[in-house]
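Next come the chains, spelled out residue by residue.
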Amino acid sequence: MKPSAFRYHRPGSIAEAVDVLADVGPDQGRVLAGGQSLVPSMAFRLAAPSTLVDINRIEELGHLSVQDGSLVIGACVRHAAFHRSVVDGVPGPFLTRVARHIGHYPIRQRGTFCGSLAQADPASEWCLVAVALGASVTAASKRGTRRIEATDLIVGAMTTTLAEDELLTEACLPLPAPETRLGFAEFSRRAGDFALAMVLASYRVVDGRIAGACVAVGGAEDRPRRIAAAEMALDGNPPGAETFAAAGGAAAEALDPMEDAQTSVAYRRDLVRTLTSRALERAAA
Amino acid sequence: MPEGKVLGKPVTRLEDQPLVTGRGRYVGDINFPHQLHMRIARSVHAHAEIRSIDTSRARALPGVFAVWTSDDIPEVGPVDFRADRASEVLKPYRQPVLARGRVRYVGDPVVAIFAEDAYVAEDAAELVDIDYSPLRIIVSADEDPGEFEPGRTTEAAFLTHTFGDVDGAFAKAHKVIELDLHTGRHSGVPLETRGAIGRYDAATDILELHGAAKVLHRNRDTLVNMLGCNPDQLHVHESHVGGGFGIRGELYPEDVLVLVAAKRLGRPVKWIEDRYEHLMCANQGREQHHLARVAVDKDGRILAMEDKIFHDQGGYVRTHGYNVANRTMCMLTGLYDVPAFRAVTHYRLTNKTPCATYRAPGRFESTFVRERLVDAVAAELGLDPVEIRRRNLIRPEQMPYKLEFDEANVENLEFDSGDYPLLFKKALDMFGWNTLQEELKRRRAAGEMIGAGMGLFLEEGGRGPSDGARIAVDSRGGVEVVTGGASLGQGFETAMAQICAEALGVDYRKIRVIHGQTDRIPYGIGAHATRATVLTGGAVHVTALAVRAKALDMASELLQLPVDSLEIVDGTVRQRSNPRGPTITLGDIAKRLAPGSKVLGGRQPGLWAEEFFNPKDTVFPYGVHLAVVKVDPGTGGVTVERFMVAYDVGRAVNPAMVEGQLVGGCLQGLGGALYEEFIYDDQGQPLAATLADYLLPTLGEAPDIEVLITEDAPSPLNPLGIKSAGEGGINGVGAAIAGAIGDAIGRPGAIRRMPVTPQRLRDILRADGR
Ligand SMILES: Cc1cc2nc3c(=O)[nH]c(=O)nc-3n(C[C@H](O)[C@H](O)[C@H](O)COP(=O)(O)OP(=O)(O)OC[C@H]3O[C@@H](n4cnc5c(N)ncnc54)[C@H](O)[C@@H]3O)c2cc1C
């Protein structure tokens, strides 16, 4: 579990970073953010980058602020930044609750929000949040800057549409309207493990009925996804156990779950059914 | 037993100062000038013929010193069994230190690389080209045996244990209950992985092995046979050890390789296992399939038990031979009075990591089977699970209780002492079992899936044949206790110091305990199968008494007082009736006993002694595990709300350390019951070779473990009445958890397989339409 040899750069600015990436990106160069996914895979020699471009000293990437109703999260913002509420209202404490499910305390001190999006693990909490809330990211390269919707960025398990020379500089998370209710539920074998399935649910209640429902499932398919069938089962119906159960059933049905040696399709469906109604109940609470 | 001054007290451990201040010395901390680093290129196939090996690219890498295949070490034989467990039938199944012709599991060592640093060594291992031709892969002991090698099948042995009239008992039974049960493959996973450093000193012609553990003298004896040298030419050294659990300290191919290489290459050779290797190569255990049945009369009394076992041994037979299979069978009836018994084991090799002993080997498995049977009988007959156990427990007046097997080659057992019903009662009382039942009923009515279960078990420890100790007092009153024991972190030094302090009359903190150094003492039993405190403790006790006798004899002459009027307190001899009178310290006595001393008289010089302790037989501690679990029906998740272990240890040398052993054992047991499993795909590829996939319970999953230590049945077989404490914590956990889950879901017999993963539990609930 010793990595193979690599070169190491530590640029001090975005401009310098994209310069280096233009050079080394096409030749197996990789960005190093929190290192909580990249370094273990190097130790296992699953990844053998020729060069690491360490972005941890780039001050411009440390920003975390609300701009035009969106939370803008720089590439060096750690999971632990969310241990405290980062915005007022419902979303702040909600993001704190979600963040606590990411790995363990030391991992959250290093790992980054944007690194999670770049890594695109199917069971990443932040990827689910990004897809559910309609986030987008900014990718910079020597060629210029572009904006990518989260749903266009994450295209498969550990697969994104970022180019080899691109640096993901920030993520932009639209904050839901103040009256929006948010709920999250996941199941993992142990505290801190990647979840076997997770659900983020949000909705508003208008005249006693659910409106604008969002049900997004992570960890069950190769990428997080909103489940239209479940949302349809909610919209226009009164919130409550029965409606939530119907949405859970719809979500479980609509799913095409991943399967592995320890997790069958049937089990993942069961989990999603349970977690959907739990997320909805928590949103209602 | 009279109450001791320090024996039996929860005194602070002597070994913790360096450990908690980061100054311990584990094998990774040991380095020698000019050392080489070894890396093993391992098989990626579960079963294949090696057609060719090309090491030229690896050799060409700068920094690589040597690259070996089995052809480079034709003189080195396979890793041998421990001397006392040799079995001719099993010998062909031993593991070569580098694969010869065939590989038999993923991780099997094929090529050894020796390089200037660990990074280069790992680079070189990737450059080794091995051409394989695949063979039939067997991943389960349930499959028909295949060919191990031409003329030899993978069923290495067929073992039987019998007593009583089994067929007669089944014929006249009121009810026969049959269960199909599986215990999952898991193992001890110490925080510190394995490591070994070989070093040859040509000036003295001494070969050293550093990083050894557990059974140093026995390993030395095995190595001496394998390497063809004399015991005084091979010194085996233990450093701090970050956990043993049975798997660490056995001899493995890598231990042999570093020694052979150190001598041949003329440079120290260091090998540190990484976690990935550890989870593929270190001994695994527990994987058995049981077809078990029990015959009972109408009152639920057991008339006979029968079990057909498929034991999954993995790719080779390691140092224990078929010990685990035998322990499974001979302890299966446990603490119940069973008149007739038959067990057979198909001891089969598979193409997975080899297995050997893991804490409570064979017992964790057999307790699961036995207690599942008993729960099933209770459910079938509508009896209370407590009552049915009471009816079947061996009664105190039956002690010592003998198990005499029909087979000539099977060792008979004699349970030395015990009051099983008493401990059972104490445990239930402390747990509040009866009020608990009320509470469970209430919570169930409120919709919770909650239940309680139990596992009653017997342990065995203190196996001989013998161990010795040498104790010397120096001229300043310092006491050195030299033992052939070993410390895996269990507090061996403290326990030995307490025993010595009590017998000799010194402060236990002034005692230095030596262990794990074969150059300091010629024999040593090591630390395995919970025998250190019984065996080495017994030896330290008798040796300390001998030193005391010698000290008092000299003191009596010097103080002009009769021997039997003297006592030793804090290292000073004084008259019992006159503590303020004349005194002499042990240091001064040691000076007077120096060689050439004028007062020596006819005495042997020196204040020291060497004695041996030879117990007649093994000791049998026993215990009860009780659990309360809550099941989340929607996810199949299980939360352990309460867990208790009650254990009669005969006599606790240090209750705090016994508690530590028990709590640690319980948590490990929860791992095997709920989380840990080495799974493989149908190609024999390990799917749990990282700690993200092999799920050890963490603090997040750990309930507070309630502990009851009793000393109601001291062993008559050793002077201090000690039984053993190392394995009781884990023994009955699987049984208790399985029972509790069955109770929680209202299906007492439903849990047939460990670990009870959320998915397996969901499958059971789904099949019920829940
Ligand atoms: C034991 C353990 C448990 C974990 N549990 C969870 C969990 O439950 N949930 C979860 O979501 N995560 C979990 N993680 C992963 C953790 O959250 C990582 O921090 C995260 O996946 C990646 O973020 P990072 O900053 O560490 O990225 P790194 O490891 O540094 O990089 C990951 C990948 O993304 C690329 N990358 C990173 N940042 C950028 C960027 N700005 N621009 C372009 N490319 C970039 C890197 O080149 C690399 O390919 C766990 C990790 C461990 C070790």
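Residues numbered from 1 in each chain as written. Chains lettered and ligands numbered in written order. Predicted model: local features only at pLDDT ≥ 70, side-chain atom pairs only at ≥ 80, totals over all residues. Heavy atoms only, no water.

Let's shift gears to the sheet that holds strand 23 (residues 511-514) of chain B. Strand pairing in a sheet is mediated by backbone hydrogen bonds. Such pairs are either parallel or antiparallel. Residue and element names in this part refer to chain B. Ordered in space as 23-22-21-27, the 4 strands form an open sheet in which the pairing is mixed. Sheet topology places strand 23 and strand 27 (608-613) at the edges, where each strand pairs with a single neighbour. Direction aside, the axes of adjacent strands within the sheet are offset by 15° on average. When strand 22 (residues 479-483) meets strand 23, the two strands line up parallel, connected through 4 bridges. In the sheet register, V481 faces strand 23, and the bridge partner there is V513. The strands touched by helix 13 (residues 492-504) are strand 21 (467-473), strand 22 and strand 23; relative to strand 23, the strand with the most contacts, the crossing angle is about 130°. Contacting strand 21, strand 22 and strand 27, helix 14 (residues 532-559) runs over the sheet at an angle of about 145° to strand 27. (Pairing = 2+ DSSP bridges. Helix = DSSP H or I, 4+ residues; strand = E, 2+ residues; numbered from the N terminus. Axes fitted to C-alpha atoms, helices over the stretch in contact; angles between N-to-C directions. Contact = heavy atoms within 4.5 Å.)

What follows covers the pairing of strand 12 (residues 206-212) of chain B. Residue and element names in this part refer to chain B. Strand 12 sits mainly inside the fold: 7 of its 7 residues count as buried. Relative to strand 12, strand 11 (residues 195-201) runs antiparallel, the two sharing 5 bridges. From the neighbouring strand, D201 faces strand 12, where its bridge partner is I206. Hairpin connection, strand 11 to strand 12: the antiparallel pair is bridged by 4 residues, and D205 has positive phi, about 60°. (Buried < 20%, exposed > 50% of the residue type's maximum accessible area, 1.4 Å probe, protein only.)

It is worth spelling out unusual backbone geometry at this point. All names here are of chain B. A cis amide bond, omega -10°, links M399 with the succeeding residue P400. Along the chain, the position of P400 falls in the loop between helix 10 (385-392) and strand 18 (401-403). Following M754, the chain continues into P755 via a peptide bond in cis, with omega recorded as -10°. Tracing the backbone shows P755 in the loop between helix 18 (733-744) and helix 19 (758-767). Phi is positive for R286, close to 80°, though the residue is something other than glycine.

Once that is clear, we can look at the interface of chain B and chain A. Listed by partner, the interface residues are 30 residues for chain B and 22 residues for chain A. Taken together, both faces of the contact between chain B and chain A bury some 2300 Å²; the carbon and sulfur share is 54%. The interface formed by chain B and chain A includes 6 salt bridges. A:R45 is the partner of B:E122 in a salt bridge, and the nearest nitrogen-oxygen pair spans 3.4 Å. Run the count over chain B and chain A and you get 17 residue pairs in polar contact (both at pLDDT 80 or more). When residues of the side of chain B that touches chain A are traced back to their parent elements, those giving at least two are helix 3 (118-126), helix 7 (275-281), helix 16 (655-675) and helix 19 of chain B. Among the elements that make up the side of chain B that touches chain A, the one with the highest residue count is helix 3 of chain B (5 residues). When its residues are assigned to classes, the side of chain B that touches chain A shows 12 nonpolar, 7 polar and 11 charged. (Buried area = accessible area lost by both parts, 1.4 Å probe. Salt bridge = Lys/Arg side-chain N within 4 Å of Asp/Glu carboxyl O. Polar contact = N/O pair within 3.5 Å; in protein donor to acceptor, adjacent residues only side chain to side chain. Nonpolar A, V, L, I, M, F, W, Y, C, P; charged D, E, K, R; others polar.)

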